[in-house]
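# Residue-level structure breakdown
If you want the building blocks of each chain, they are given just below.
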Amino acid sequence: CIDGRSIVVDMPVSPPVPRRAAHNFNQKPVLTVRALMEPGSVSGADFAPAGGGLSADEVARWLLTCKRLSTNRIGDYLGRPDAGPVLLALVARLDLRSLPLDEALRFFLSLFRLPGEAQQIARVIETFAARYAACHAAGALSRADT
């Protein structure tokens, strides 16, 4: 932050995802995430660990920690209606309690690039607003629609 405060992002360990999954995500994010979450659902793309598919929370951790992923592709994926569980899991990992609204939004938008379509942007920002309101339940911005 500008005044030296730190931002807490709850990420214990990045899930075990093969390197080629990052390359495939940058080409076809929807198919790659589907292959990660539902092993065998996408022919020729088996990225899931041996124990089974990844949860939405594990995919969110991967999106936050993998440096090889395109921020444009992350934003495009998170704006999709079917990416709701992953978007919720990603936003839930952010501790926004110590940040004013402008700094929290600036930090959130630094994680990926917003998609270009208005409905996708609205979906992402509404999810952020709900999380920010939950982190500031006692303050003036305690409701997402404020």
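Scope of this entry: the structure provided in the associated data block. (Residues numbered from 1 in each chain as written. Predicted model: local features only at pLDDT ≥ 70, side-chain atom pairs only at ≥ 80, totals over all residues. Heavy atoms only, no water.)

### Side note on helix H4 (residues 71–78)
Buried within H4 we find Ile74, Gly75, Tyr77 and Leu78. Down the axis of H4, the buried set is contained in an arc of 165 degrees. They therefore lie on one face. On the buried face of H4, the contacting elements are helix H1 (19–27), helix H2 (29–37), helix H3 (56–65), helix H5 (84–92) and helix H7 (118–135). Measuring from the backbone nitrogen of asparagine 72 back to the side-chain oxygen at the start of H4 gives 3.3 Å, which picks out serine 70 as the cap. (Buried < 20%, exposed > 50% of the residue type's maximum accessible area, 1.4 Å probe, protein only. Helix = DSSP H or I, 4+ residues; strand = E, 2+ residues; numbered from the N terminus. Arc of directions from axis to C-beta. Contact = heavy atoms within 4.5 Å. Polar contact = N/O pair within 3.5 Å; in protein donor to acceptor, adjacent residues only side chain to side chain.)

### Thoughts on the pattern of salt bridges
Under the defined criterion, the tally for this structure stands at five salt bridges. Its salt-bridge partner being arginine 97, residue aspartate 95 comes within 2.7 Å of it at the nearest N-O pair. When the shortest N-O distance is used, the salt bridge between aspartate 102 and arginine 106 registers 3.6 Å. Taken as a pair, aspartate 102 and arginine 106 lie in helix H6 (residues 101–110) at a separation of four residues, close to a single helical turn. By relative accessible area, aspartate 102 is classed as partly exposed at 43%. Taking the relative accessible area as the measure of exposure, arginine 106 reaches 48% and is therefore partly exposed. (Salt bridge = Lys/Arg side-chain N within 4 Å of Asp/Glu carboxyl O.)

### Topic: the packing of H6 against H7
At a closest axis distance of 11 Å, the pairing of H6 and H7 adopts a crossing angle of 130 degrees. Accordingly, the angle class assigned to the pair H6 and H7 is oblique. Seen from above, H6 lies across H7 with right-handed handedness. Counted together, Leu101, Ala104, Leu105, Phe108 and Leu109 of H6 and Val124, Ile125, Phe128 and Tyr132 of H7 form the full contact between these two elements. Tallied by class, residues from the contact of H6 with H7 come to nine nonpolar, no polar and no charged. (Axes fitted to C-alpha atoms, helices over the stretch in contact; angles between N-to-C directions. Parallel < 35°, antiparallel > 145°, perpendicular 65-115°, else oblique. Left-handed = near helix turned anticlockwise from the far one by under 90°. Nonpolar A, V, L, I, M, F, W, Y, C, P; charged D, E, K, R; others polar.)

### Here's the deal with the nonpolar core
Grouped together as the largest cluster of nonpolar side chains are 36 residues, with contacts concentrated most on Trp62, Leu63, Tyr77 and Leu78. Listed by contribution, the elements that provide at least two residues to this core are H1, H2, H3, H4, H5, H6 and H7. If you tally residues by element for this core, the top one is H3, at six residues. Setting aside residues up to four positions removed in sequence, leucine 63 forms contacts with Phe25, Leu69, Ile74, Tyr77, Leu78, Val86 and Leu90. (Core = buried A, V, L, I, M, F, W, Y, C linked by side-chain atoms within 4.5 Å.)

### Digging into the layout of surface pockets
Estimated volume of the largest pocket: approximately 170 Å³. Around the largest pocket, the lining residues are Val30, Val33, Arg34, Met37, Glu38, Tyr77, Asp82, Pro85 and Val86. Only H2 and H5 provide two or more residues apiece to the lining of the largest pocket. The dominant element in the lining of the largest pocket, judged by the number of residues it contributes, is H2, at four residues. (1 Å grid on protein atoms, 1.4 Å probe; cavity = no way out; pocket = protein on both sides within 12 Å on 5 of 7 lines; lining within 4 Å. Points joined across faces, edges and corners; volume = space filled by probe spheres on them.)

### Remarks on the packing of H1 against H4
The contact between H1 and H4 brings their axes to 9 Å, and the two run at 70 degrees. Relative to H4, H1 is oriented roughly perpendicular. Note that H1 runs across H4; the crossing there is left-handed. Across the interface between the two elements, Phe25, Asn26 and Gln27 of H1 pack against Arg73, Ile74 and Tyr77 of H4.

Don't take any of this as a statement about function, it's just geometry.
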